[in-house]
Amino acid sequence: MVKSVKLFVFLVAVSLSGIASLFVAGCASHEAVVAEVGGEEISRAEFDSMYAKNNGGAVAVTKATPEELNKFLDLYVNFKLKVRYAYDHAYENDPGVQAELNEYRNNLATSYYLDDALTQPTLKEMYARKLLEVRASHILISLSPNAAPADTLQAYNTAMKIIDSLKMGIPFEQLALDNSQDPSVKQNKGDLYYFSSGMMVPDFENAVYSLKPGEFSTTPVRTSYGYHVIKVTDRKANPGSVRVSHIMKRLTAESTAADSAKAWADMRAALDSLSHGADFATTARNISDDKFSAMQGGDLGFIERRRTVPSFDSVAFSLKKGEMSGIITTPFGIHILKVTDTKPVGSFADLEPQLKSFYQRYRYQHDYNALVALLKKKYGFTVDANAIAACRREADTTKYAGDPGWDSSLSAQTKAMVVFTIAGTHITVDSVIQLSKREADFQNLLLKNPDTFHKIFDKIGDNLVIEREAVSQEADRPGFAKLMKEYEDGILLFKVEQNEVWNKVTVTDSALHAYYEMTRDKYTWPDRVNIQEIFVSTDSIANVVTEALKSGKMGFDSAAAKYNQRYQTKQKNGEWGLQPVTTNEMTKRAWTMDEGATSDFFKYENGYSMIKVLEKDPARDKTFEEANSEASSAYQEYESKQLENQWIEALRKKYPVVLHPEAINPQLVQASQKETSK
């Protein structure tokens, strides 16, 4: 039975997470047929795709041995036989199957749509932007995300006046110094230096990448920080990353003139030596004040833009591989740099996991919210706040949203209220409640919290409008139908195996006894011992217990009941029950003692233990009663396998199977011919 379930997972589970179709190139012609099942062909392309999905990807097909391919083909043919039988007996019309397929269709359609409409296009856009780097300046008019309309209007008008001034030719730097509320403006005059995709908030980044060098935004750009006036000053290919080594002399605001003079003298001497062939790494180890990098010969590893201060960054990225800088100044001191290697921006395939992780963590919700807003407008989405209020008034607010029956106090009238309208379709309060019970995110929400009901209804409303759009676009996504077919086949496999195999397994006492006798050597106990332990945290308590036992003031049971501090055995007076001798150091020690013997306290874990040996049970066969659970499970698996084999044999007669091993690997045919000729 376990193996049957594994087969279901084996052939279906990977399909659930797959969004892009798998294609295996170069293995065989797509016209090749590897097998025929009841007249239906299994193409090499289909076989390769399924093998890849279940064995770690397309490369697995090219690396598989003939034996591995043959074994998988046998499994896949059996799968096709069972599914063929299910369709011939109309399992797909079962109401339970239909309900499960409908639910999965909606979930898959949503996942497919969001991946297609949001994730994949954005990842490609992020990568395209990552190939470029831009330099931009901005003027910030600070504004809270929840600012009052009057404050928002005032900030907007201020930003527009700045834009008007730019149009009149007033320098951006001057306007930034006079108006920007970014604290760094006094140092950088609004210059944000070079950056690439993912380094700024989405709305700011979108605005920057829409501008050409020399252009500024003609309307204020709103972000969570406020309104921005943006000017792009440069745009060029992203150089990727550079590997930099440096020699540094630390100078701070507290450094004296003498400190500065000595540092400069040391660095000039070092630069002169390096110019005449001295080894950079050795020099860094000898004189650099950056002790961590000095141990590595000054090596800082690969750095990307903005990983260091601009004064360091700009020089590092201006050097070619093997080039060395002069002496440069940063807020940390003075440096000599050397670029030892360069690395271009990776391919999309290399960066996709990193881009996707970043997108999901920092930008996905922003884009999702924007998409939901557009779709709500498209479908004329409306919400009745009165229905939500009625639901909250009548609900049992002492419970959590995950508690069953929290909605039993709602009247039929409230449950029937229309809370959402989507493209003319009415969604009732009760429908939303039933959907909310499937959401794991809601389970721990306390209903008495004022925002709980808004969280529930807001999220369900968003889900429904996305689902509506996703289902409407099923036909535009060819891979969707393929995944649905794979999932349907998996569900039918599960149902048909349940009826034809698992439900036919019957366990009788006599049959189980007979199976136990036939396989009793599989059910054995190892050497086991039962101990009673007194565990204490300090040696002083151990001394008190030892004295009480020696004086006869209390027996071991009483001492264990009073003093044992081990949480797991406290309610059992320290008794462990029969445990394998190899369980821990206590059981190993106990096995060397006689039954009834008591040890002294010994250091164990984070305290001290004293043990008494209650019972020693040498290795032996389990009795029928002791082995009942194991034997029953093994018997059911044994019987189900017998039934499955008989069923497959019958299916192969009903639906003749023809294998074409040459389509998988010509060597199989040659090997077979050699074997036959022997």
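Residues numbered from 1 in each chain as written. Predicted model: local features only at pLDDT ≥ 70, side-chain atom pairs only at ≥ 80, totals over all residues. Heavy atoms only, no water.

Caption draft 1: Here's a closer look at the overall build of the protein. When helices and strands are tallied, the protein shows 26 helices and 20 strands. Expected size for 678 residues packed as a compact globule is a radius of gyration near 26 Å; at 37 Å, the protein overshoots this value by more than 25%. When the backbone C-alpha atoms are referred to their principal axes, the protein occupies close to 100 × 80 × 80 Å. Counting all 678 residues of the protein, 41% fall into the buried class. Excluding contacts between residues fewer than 6 apart, the proportion of contacts in the protein whose partners are at least 24 apart in sequence is 71%. Here the protein contributes 80 positive and 89 negative side-chain charges, whose respective centroids are spaced 5 Å apart. (Helix = DSSP H or I, 4+ residues; strand = E, 2+ residues; numbered from the N terminus. Rg over C-alpha atoms; globule rule 2.2 N^0.38 Å. Buried < 20%, exposed > 50% of the residue type's maximum accessible area, 1.4 Å probe, protein only. Contact = heavy atoms within 4.5 Å. Lys, Arg positive; Asp, Glu negative; His and termini not counted. Charge placed at Lys NZ, Arg CZ, Asp CG, Glu CD.)

Caption draft 2: Local environment of helix α15 (residues 385-394). The complete set of buried residues in α15 reads Ala-387, Ile-388, Ala-390 and Cys-391. With its buried residues spanning 160° around the axis, α15 presents them on a single face. When the buried face of α15 is taken as reference, the exposed residues oriented beyond 90 degrees from it are Ala-385, Asn-386 and Arg-393. Where α15 is buried, its residues contact β11 (382-383), α16 (412-415), β12 (418-422), α17 (429-436) and α18 (452-472). The N-cap of α15, judged by a side-chain oxygen 2.9 Å from the amide nitrogen of Asn-386 a few residues on, is Asp-384. (Arc of directions from axis to C-beta. Polar contact = N/O pair within 3.5 Å; in protein donor to acceptor, adjacent residues only side chain to side chain.)

Caption draft 3: View of the sheet that holds strand β18 (residues 607-617). Taken together, four strands build an open sheet; the order of strands is β16-β15-β18-β17 and the sheet is antiparallel. Two strands in the sheet have a free side with no partner beyond their single neighbour: β16 (579-580) and β17 (602-604). As paired strands, β17 and β18 are joined by three bridges and run antiparallel to one another. Pairing of Phe-602 across the sheet is with Ser-609, part of β18. Here helix α21 (residues 539-551) sits on the sheet in contact with β15 (528-536) and β18, set at roughly 45° to β18. (Pairing = 2+ DSSP bridges. Axes fitted to C-alpha atoms, helices over the stretch in contact; angles between N-to-C directions.)

Caption draft 4: How the structure looks around the packing of aromatic side chains. Enumeration according to the criterion identifies 24 aromatic pairs in this entry. The interplanar angle of 85° and the centroid separation of 5.9 Å between the aromatic rings of Tyr-112 and Phe-480 together place this pair among those described as edge-to-face. Here Phe-480 lies in helix α19 (residues 478-500) and Tyr-112 lies in helix α5 (residues 95-130), a separation of 368 residues in the sequence. By relative accessible area, which is 9% here, Tyr-112 ends up buried. Relative to Tyr-364, the ring of Tyr-359 has its centre 5.8 Å away and its plane inclined at 90°; by these criteria the two rings are edge-to-face. Exposure remark for Tyr-359: the relative accessible area of 0% places this residue in the buried category. By the ring-pair criterion, three or more aromatic residues cluster together here, those being Phe-47, Tyr-51, Phe-72, Tyr-76 and Phe-79. Its end group placed over the ring of Phe-317, Arg-305 keeps NZ or CZ at 4.6 Å from the ring centre. Sitting over the ring of Phe-602, Arg-589 keeps its end group 3.8 Å from the ring centre. (Phe/Tyr/Trp six-rings, centres within 6.5 Å; stacked < 30°, edge-to-face > 60°. Lys NZ or Arg CZ within 6 Å of the ring centre and 35° of its normal.)

Caption draft 5: Local environment of the pattern of salt bridges. This structure, assessed with the given rule, holds 38 salt bridges. Notably, a salt bridge pairs Asp-407 with Lys-437, separated by 3.1 Å at the nearest N-O pair. Taken as a pair, Asp-407 in the loop between α15 and α16 and Lys-437 in the loop between α17 and α18 lie far apart in primary sequence, 30 residues in all. Exposure remark for Lys-437: the relative accessible area of 34% places this residue in the partly exposed category. Put simply, Lys-82, Glu-497, Lys-641 and Glu-644 are held in one network by salt bridges that share partners. (Salt bridge = Lys/Arg side-chain N within 4 Å of Asp/Glu carboxyl O.)

Caption draft 6: Structural context of the pairing of β12. With four of five residues buried, β12 lies mostly within the body of the structure. The pairing of β11 with β12 spans two bridges and is classified as antiparallel. Counted as the bridge partner of Val-383 is Phe-420 from β12. Sheet topology places β12 next to strand β13 (residues 425-428); four bridges connect them, and they run antiparallel. Bridging from a neighbouring strand, Phe-420 pairs with Ile-427 of β13. Where β12 folds back onto β13 in an antiparallel hairpin, the turn is made up of two residues, including Ala-423, whose phi is positive at roughly 50°.

Caption draft 7: Broad picture of the nonpolar core. In this structure, Phe-47, Phe-420, Phe-457 and Ile-466 are the most contacted members of the largest nonpolar core, which totals 86 residues. With 12 residues, the top contributor of residues to this core is α5. Each residue touching Phe-47, except ones within four places of it in the same chain, is listed here: Val-34, Ile-42, Leu-69, Phe-72, Leu-73 and Ile-664. Ile-141, Ala-155, Ala-159 and Leu-175 belong to the second largest nonpolar core, which has 14 residues in total. (Core = buried A, V, L, I, M, F, W, Y, C linked by side-chain atoms within 4.5 Å.)

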